[in-house]
Each structure stands twice: as C-alpha cells, then as structure tokens.
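This is what each chain is made of:
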Amino acid sequence: MSARIDPKYARQLKDDPESSSEAIVTAACGLDALIQSLPKTVEVRYRYHLIQAVAVVGRGADILALSALPGIKSIETVGDVRASSKDQ
C-alpha cells in the first residue's frame, strides 16, 4: 500500500525532483519506526507526537519516494495554517 499524497504536490515533486521540499509525513505505525525507516537523504526537522508525524526536508525525488515505504500513511506539503471561528 502506498502512502496518500496530494496529486498536485506529487506532480510538483516530479516536475522538480532536485529542488528542496518540506513535507509533513504521518506514520501508519509508530513514530519511532517511521523515523528509523527514513533514508539519510531526508532530514527530520520536527516531531509531532500527538499526530504521529514528522516535518522533514529533502530533495523532491526523495520526498516522493517516501510514498512507497510501508510505514508511511500520508505525505502533505508544508503550508500556512490559520485559525477560524464561526463568528468570522
């Protein structure tokens, strides 16, 4: 089973495989197992223990290749997050 990855993000990584990219990688199993399965070419920048994920940086080709690893549930591009409420 391959990891869920947004098709637009996957296309971006394929189009520019040598550029540096940041991603949030969610574990299908434990966080420690996920981190151990990552190749040396992908650097862990932050661990999200609550959601069992890590923020990583690496070449586009390396980030895209993560989708084939068995311990990975999803790969998301890093983006801005904004809070909202019903009153706004």
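A brief structural summary. Here the structure is a predicted model, which is why all the values come from computation and not from measurement.

Definitions and cut-offs
- Residues numbered from 1 in each chain as written.
- Predicted model: local features only at pLDDT ≥ 70, side-chain atom pairs only at ≥ 80, totals over all residues.
- Heavy atoms only, no water.
- Patch = residues over 30% accessible without salt bridge, like charges linked within 9 Å, V, L, I, M, F, W, Y side chains within 5 Å.
- Areas by Shrake-Rupley, 256 points an atom, 1.4 Å probe, with all protein chains shown as cover.
- Salt bridge = Lys/Arg side-chain N within 4 Å of Asp/Glu carboxyl O.
- Helix = DSSP H or I, 4+ residues; strand = E, 2+ residues; numbered from the N terminus.
- Buried < 20%, exposed > 50% of the residue type's maximum accessible area, 1.4 Å probe, protein only.
- Arc of directions from axis to C-beta.
- Pairing = 2+ DSSP bridges.

Description of a nonpolar patch on the surface
- Residues Y46, Y48, L50 and I51 make up a contiguous nonpolar surface patch of about 470 Å² in total accessible area.
- By the secondary structure assignment, L50 is in the loop between β3 (43-48) and β4 (53-59).
- Note on L50: relative accessible area 85%, which makes it exposed.

What about helix α1 (residues 7-15)?
- Among the residues of α1, those classed as buried are Y9, A10 and L13. Across the axial projection of α1, the buried residues extend over an arc of 100°, all falling on one side. Those residues of α1 that are exposed and aimed more than 90 degrees away from the buried face are P7, K8, K14 and D15.

Some points on the sheet that holds β3
- Pairing within the open sheet is mixed, and its five strands lie in the order β1-β5-β2-β4-β3. Two strands close off the open sheet at either side, each with one partner strand: β1 (4-5) and β3.
- Pairing of β3 with β4, which is carried by five bridges, proceeds in the antiparallel orientation. By the bridge assignment, Y48 is partnered in β4 with A53.

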